[in-house]
Amino acid sequence: MTGDDTQVMLHQALQKHQAGDLTGAAPLYQQVLKASPQHPDALNLLGFLLHQAGKSAEGLKLVDAAIAIAPQQASFRSNRARILHHLGKHENADAAFRMALTLDPSDPIAVQDLAAARRANGRVVAAAPLFRHLLSLSPADPAALLAEATSRIDLGHHDAARTLLRKCLVTAPALIEATNSYAFLGITALTFDEARRWFRRTITAQPRYAAPYSGLAELYYLEGDIDACLNASEQAIALAPNDPQIQVRHSMRLLTAGHIKDGWRNFEWRLKRSDAVRRPGLPPRWQGEPLAGKRMLVCAEEGVGDEILYASMIPDLLSANASVVIECAPRLLEVFQRSFPDCVVHAYTRSGDRFRPAHDYNWLPQDPPVNFAIAGGSLPALLRPDIASYEHQRPYISASPERVRDMEQKLAALPPGPRIGFAWRSKDVNPFRDLHYTRLQDWQSLLTEPGLQLVSMQYGSGWEREISDARQEFGARLHVLEGVDMTNDFEDIFALAASVDCLICPSSTLAWVGGSLGKPVWKFGIDPIFLRLGTERFPGFPSLKGFLKLAGAPWKQVTNAVTAEARALRASL
């Protein structure tokens, strides 16, 4: 076979390959390689074909051989990266993509594939500059606009995402991923009717696309129509039964409707999300086996509030005569050691970022060894199958007596009146979470009510400026206790919560701090709240009282009701 014949056959093979005829292309590539065993293009293309045919490891060897012959060929490096990503070798894939882009920085396909691979692995921050670069290469390309908009949504930049999606929809009005994302942003903007129209438009264009059904379910949920919510959610599940995000949202909707056993069982899907904590080296998962004489590890959930919430079931494990090892956030170590003195408590070391966190378990006790492990949020599926299983639950966290005395002294210096711990938002905010939180301006009636001693328990960043602005704007009366760290020192947080008469807060870590102590908590938020489990209360936490509204309603009805409750408390003391 002459050199020209080889090129003709390679061209024929490539045509079949690009047409999807892998069976027809493979023997032609093989004939080329029989005539020219070191032909780099044939090695690369046949290697990628084998990957597409399900023989990725075998295909990788051929692509590597092609790279050894032509190391400066960027497309070979990109194919290698795609195969490595498929094989789960994400760090090696990332390095291969970067090498490809070093050789050809303007290759939009390699940029897109690297960005998508990083996002799929939960590395959305690292993916963001790549999506921006992709858009700079093709500013009018609908796919690039959609990709950058999706990246902005990941980062919580919803206004920028809406602008990008509008540009995308001008040139590609039938792009269903764009119409669905635009509908989702209508939820966070509280333009529910607009969101509904865009979700339905997406469904009309592609009836078997699951995302808009899940979006409609979220919309109905926020409108308080649980029957319609579940119907749309079940349609989404039928179309995408293996989508972890859709399944997790479905679990919350089931719990809201009072389907407790099914809801908690479905909640296990959270462990399959890309941002779930990776936990290599764990003992076997506890499936409900008898625990007498066994050692059990309860793994920390990703959020501190969740750790406090699900620690409510540690006493159940102890009652089953288990030896319990608790993994927790470093900030909770001393609190949990004091509250669960019969347990081994260990503070985790977390690597990665919030999109792809990881824990290691080299520290696990070996004498005796740990028999079982389970994430804290998986305990309800085994221990809380119905409302009755919550009724025995009692306060389970103990504040430091020394810190409580310090807090009581600080509170004693305030003027007469009930001492009320107060937070108006959570630490982490984004456009979707912001639906559940307030501004200090929403609380003007409470913060100017005579005879109430409101004590800030707000945590996070920026709250000092918010308080200063509220004081100047309408004379807000809100005490800030000197030397009290409400963000990082949970000994302070639990001690202050134990010392006030009650707490006012949203659905945040602080609510579970108060609930775990048995302290009265007036919890404001959006109705419905899934942890009410289809009831008008918070099962297992009788000291919590909800002050709720629908997402589209103003906060005034809630803040007025809470203020009236505070007046009643003042009158009772």
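Structure's up top.
Conventions used here
Residues numbered from 1 in each chain as written. Predicted model: local features only at pLDDT ≥ 70, side-chain atom pairs only at ≥ 80, totals over all residues. Heavy atoms only, no water. Helix = DSSP H or I, 4+ residues; strand = E, 2+ residues; numbered from the N terminus. Expected span 1.5 Å × (residues − 1). Buried < 20%, exposed > 50% of the residue type's maximum accessible area, 1.4 Å probe, protein only. Contact = heavy atoms within 4.5 Å. Phe/Tyr/Trp six-rings, centres within 6.5 Å; stacked < 30°, edge-to-face > 60°. 1 Å grid on protein atoms, 1.4 Å probe; cavity = no way out; pocket = protein on both sides within 12 Å on 5 of 7 lines; lining within 4 Å. Points joined across faces, edges and corners; volume = space filled by probe spheres on them. Nonpolar A, V, L, I, M, F, W, Y, C, P; charged D, E, K, R; others polar. Axes fitted to C-alpha atoms, helices over the stretch in contact; angles between N-to-C directions. Parallel < 35°, antiparallel > 145°, perpendicular 65-115°, else oblique. Left-handed = near helix turned anticlockwise from the far one by under 90°.

### Digging into helix H9 (residues 142-154)
Line of reasoning, step 1. For H9, built from 13 residues, the straight-helix expectation of 18 Å at 1.5 Å per residue is met to within 8% by its first-to-last C-alpha distance of 18 Å.
Line of reasoning, step 2. Every buried residue of H9 is listed here: Ala-144, Leu-145, Leu-146, Ala-147, Glu-148, Ala-149, Thr-150, Ser-151 and Ile-153.
Line of reasoning, step 3. Of the surrounding secondary structure, the elements contacted by the buried residues of H9 are helix H7 (108-120), helix H8 (124-137), helix H10 (158-171) and helix H11 (176-188).
Line of reasoning, step 4. Directly beyond the C-terminal end of H9, a positive phi value near 85° is found at Gly-156.

### Thoughts on the packing of aromatic side chains
Line of reasoning, step 1. By the definition in use, this model includes 13 aromatic pairs.
Line of reasoning, step 2. Ring geometry for Phe-524 against Trp-555: centres 5.8 Å apart, planes inclined by 90°, an arrangement best described as edge-to-face. Of this pair, Phe-524 sits in strand S10 (residues 521-526) while Trp-555 sits in the loop between strand S11 (544-549) and helix H26 (556-572), placing them 31 residues apart in sequence. An identical accessibility class is assigned to Phe-524 and Trp-555; each is buried.

### Focus: empty space enclosed by the protein
Line of reasoning, step 1. Scanning the model with the defined rule gives two cavities of 30 Å³ or more in all.
Line of reasoning, step 2. The calculated volume of the largest cavity comes to roughly 110 Å³.
Line of reasoning, step 3. Surrounding the largest cavity, 14 residues form its lining, Trp-264, Leu-309, Tyr-390, Leu-531 and Phe-541 being those nearest its centre.
Line of reasoning, step 4. Counted by class, the lining of the largest cavity contains 12 nonpolar, two polar and no charged residues.

### Things to note about the packing of helix H3 (residues 40-52) against helix H4 (residues 56-69)
Angle between the axes and distance between the axes are the two parameters that describe a pair of packed helices.
Line of reasoning, step 1. Contact geometry for H3 and H4: axes closest at 7 Å, N-to-C directions at 160°. Relative to H4, the element H3 is oriented roughly antiparallel. Here H3 and H4 pass one another in a crossing that is left-handed. Where H3 approaches H4, its residues Pro-40, Leu-43, Asn-44, Leu-46, Gly-47, Phe-48, Leu-50 and His-51 are matched on the opposing element by Ser-56, Glu-58, Gly-59, Leu-62, Val-63, Ala-65, Ala-66 and Ile-69.
Line of reasoning, step 2. Considering only residue class, the contact of H3 with H4 consists of 10 nonpolar, five polar and one charged.

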